[in-house]
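Observations on the model geometry
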Amino acid sequence: MNIGYATVVESERLYGETWITWFRAPELARGAYPGQFLMLRCSDDASYGCGSRAGARADDPLLPRPMSYHRLRDGAGGAEWCLLYDVVGRGTAWLAGRRPGDRVYAWGPLGRGYEVGHASHNLLLVAGGIGVAPLVWLADDAVSRGLNVTMVIGGRSAAQIFPSALLPKEVEVVVTTDDGSSGRAGFVTEPFGELLEWCDQAFACGPNAMFAAMAAVARKARVRRSVQVLLEERMGCGTGICYGCAVEVRLRGGRTMKLVCKDGPRFDVRDVW
Amino acid sequence: MPSPSADALQLSVELASGKHSLVLANPVMAASGTFSYGVEYAKVFDIQRLGAIVSKTTTLRPHAGSPPGRRIDETPAGMLNSIGLQNIGIDKLLRDLAPAWSRWRVPVVVSILGAAVDEYGACAARLEGVAGIAGLELNISSPNARRGGMEFGQDAATAAAVTASVVRACTLPVIVKLTPNVGDIAAIARAVVDAGADALCVVNTLQAMSIDARARRPNITRTFAGLSGPAIKPVALRMVWQVASAVSVPIIGCGGIVDGIDAVEFLLAGATAVQVGTATFRNPRAPLDVLEGIEAYMRAEGVADVRELVGAARA
Ligand SMILES: Cc1cc2nc3c(=O)[nH]c(=O)nc-3n(C[C@H](O)[C@H](O)[C@H](O)COP(=O)(O)OP(=O)(O)OC[C@H]3O[C@@H](n4cnc5c(N)ncnc54)[C@H](O)[C@@H]3O)c2cc1C
Ligand SMILES: Cc1cc2nc3c(=O)[nH]c(=O)nc-3n(C[C@H](O)[C@H](O)[C@H](O)COP(=O)(O)O)c2cc1C
Ligand code: FES
């Protein structure tokens, strides 16, 4: 983990209410891999601790926000990384208001991301809503290593669907919407069930209800496949310090408390649901 | 005005003297529960420059904390937590952490809590004579403990009994951390000082809650939680002032400190040192930034010795 200021390189509304913001701060992505995240302080303040209070000091919103790495690229000044996010409250609205040249205080990489097994060739990626954010990098990475990727992207309606044109062309895409305004009408669990046998491993990110439905499908399936999910929980620190993000998981028969930020956010769906 | 250079600044403060002395290189400590056991951030920045680190509150046996559900929430300039004292237990602390601490320059104070009065003494006895442990902080103030914690700190006689049980059981310097959830904090302060406390930490979190208007229920699964952060600073400052009027042992100010100026305000109210808690979530380096802020203030104001600030607003 490194701490520092990331400089906004570009930022735009990509589709619907979903924003993409690119940052330069190579040290904040050093050693990162898909499924990991950063913490970002989402308010205007001059750096803390100074003897004078000449700069603005915002104590609100107080807590930093967790965000997954969405993609990496080589920029003019070194590696750049970006976030893909929905504007749902004060923190994300503040983020969407940043302009090129603005700086955001952040720390990362944090947590344990997706683990692709050495013997896995066919990867099934399942995205619900903004859960697509970390999966795009996983897809980029898998394709560059010659793996087969099928991605199921689901949302309430067409406005919530990540544009397929922005994915590597090798990725097989299946779209589902609740209202049928794009792709198949229905939930991601249906194509997930159909494709489970094809894949060696599945990776998902989305709301808890989607994970619960996927766990039910996986349990009924004829084949047993590892299904890795990224959990979300309210976070204080993001670094395993505050114990605020504890979730109960099943391990070796017993139930134990794990920290989403440090032991996760990646868990096996069967350990949680 | 004279402008002392950085190395000419006198920053050292004493929290306990005599056979169990506790001298800090500077007045800035990392608070309990917001710095875990120190090892996590040791890799990230130079924690050895801090005055001291207080460990997460640790109990005789490991504790899983609050049941599954929502443990934290954000409030205006503050946060709520109901962690429920999840911790690794004293055995693991002695085995895995104390050896590392013994190689550190920064002193580590272990925060302890018992479900019964005698359990505090039992914890203290286990920590006595262990290399790497510079002192104890008695948590008689957490609103999240099912037993022990705040309920002991709300009653002067029980608070004194807890303190006495620890003072009997060990020779370590003893800091007692008080709860703001009382009518007369000065009375509690006097009782624990009479029972042998070397220093007091003022204060722990304020008991509070938040409600989700849409869902029509409390946000935190256990309903009540502890409020911390800048929102509580004025309350903490008032209590430091009151305690400083009541006792003469060193006081550690805690509550909402985010920058050097906040810390100086606590010193002026009568605190000898400060603890930085919630600010660490916003900025992992916060305790170090607070220290640098105090130094900048001293240079700008021509203060050579940080002890000149202690209680200076009370004249
Ligand atoms: C490991 C991790 C990675 C994440 N990655 C992304 C990402 O790549 N893109 C993205 O858009 N979002 C992501 N999130 C969710 C994101 O952190 C929240 O949407 C964000 O914190 C909301 O902040 P806000 O101030 O805008 O909203 P607030 O005003 O705080 O709340 C608005 C809404 O957001 C929900 N919310 C608030 N905090 C969280 C949280 N920590 N987790 C889940 N929901 C929350 C609240 O329930 C509420 O409904 C991630 C969360 C975690 C834990
Ligand atoms: C998440 C969290 C966990 C805490 N855990 C403890 C604890 O284990 N023991 C303790 O004495 N205080 C604990 N505290 C209280 C802090 O040490 C501090 O007294 C309080 O938060 C007020 O200071 P602040 O506003 O700087 O955070 C905790 C606070 C928070 C926010
Ligand atoms: S967010 Fe603090 S321990 Fe996970």
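Residues numbered from 1 in each chain as written. Chains lettered and ligands numbered in written order. Predicted model: local features only at pLDDT ≥ 70, side-chain atom pairs only at ≥ 80, totals over all residues. Heavy atoms only, no water.

Our next topic: the domain arrangement of chain A. Residue and element names in this part refer to chain A. The domain architecture assigned to chain A consists of domain 1 (2-110), domain 2 (122-230) and domain 3 (234-265). In this structure, domain 1 and domain 3 have C-alpha centres spaced 24 Å apart. Taken together, the contact pairs eight residues of domain 1 with seven residues of domain 3. With both sides pooled, the region where domain 1 packs onto domain 3 buries about 540 Å², and carbon together with sulfur makes up 70% of that total. When the buried area of domain 1 at its contact with domain 3 is split by residue, F37, M39 and L110 rank highest and sum to 56% of it. Across the contact surface, domain 1 and domain 3 share zero salt bridges. Here domain 1 and domain 3 share zero residue pairs in polar contact (both at pLDDT 80 or more) between them. Contributions of two or more residues to the side of domain 1 that touches domain 3 are made by strand 3 (37-40) and strand 7 (103-110). Here the residues of the side of domain 1 that touches domain 3 are counted per class, giving seven nonpolar, one polar and no charged. (Domains from an automatic or database assignment. Contact = heavy atoms within 4.5 Å. Buried area = accessible area lost by both parts, 1.4 Å probe. Salt bridge = Lys/Arg side-chain N within 4 Å of Asp/Glu carboxyl O. Polar contact = N/O pair within 3.5 Å; in protein donor to acceptor, adjacent residues only side chain to side chain. Helix = DSSP H or I, 4+ residues; strand = E, 2+ residues; numbered from the N terminus. Nonpolar A, V, L, I, M, F, W, Y, C, P; charged D, E, K, R; others polar.)

Here the focus is the site of ligand 1. Residues and elements named next belong to chain A. Taken together, 19 residues are adjacent to ligand 1, and P66, G91, T92, E232 and R234 come closest. Interatomic distance of 2.4 Å between a side-chain N/O atom of T92 and an oxygen atom of ligand 1. Against a free-state accessible area of 850 Å², the protein chains account for coverage of 78% of ligand 1. When contributions to the shell around ligand 1 are tallied by element, the ones reaching two or more residues are strand 4 (65-68), strand 6 (78-86) and helix 1 (90-96). In terms of residues, the shell around ligand 1 owes the most to one element, strand 4, which gives four residues. Of the residues contributing to the shell around ligand 1, the split by class is nine nonpolar, four polar and six charged. (Near = heavy atom within 4 Å. Areas by Shrake-Rupley, 256 points an atom, 1.4 Å probe, with all protein chains shown as cover.)

The subject of this paragraph is the interface of chain A and chain B. Taken together, the contacts link 35 residues of chain A with 45 residues of chain B. Summed over both sides, the interface of chain A with chain B buries roughly 3,300 Å², with 59% coming from carbon and sulfur. Here R65 of chain A and E74 of chain B are joined by a salt bridge, their closest N and O atoms 2.9 Å apart. Where the side of chain A that touches chain B is concerned, the elements lending two or more residues are strand 7 and strand 14 (246-251) of chain A. Each residue belonging to the side of chain A that touches chain B can be placed in one class, and the counts come to 18 nonpolar, seven polar and 10 charged.

With that settled, the discussion passes to empty space enclosed by the protein. All names here are of chain B. This structure, assessed with the given rule, holds three cavities of 30 Å³ or more. Here the largest cavity defines a volume of roughly 440 Å³. Considering the residues around the largest cavity, the lining is formed by 34 residues, among which S32, T34, N81, N204 and T205 are closest to the centre. Among the elements of the structure, strand 6 (78-81), strand 16 (273-276) and helix 9 (279-282) are those that each provide at least two residues to the lining of the largest cavity. Residues that form the lining of the largest cavity fall into these classes: 14 nonpolar, 18 polar and two charged. (1 Å grid on protein atoms, 1.4 Å probe; cavity = no way out; pocket = protein on both sides within 12 Å on 5 of 7 lines; lining within 4 Å. Points joined across faces, edges and corners; volume = space filled by probe spheres on them.)

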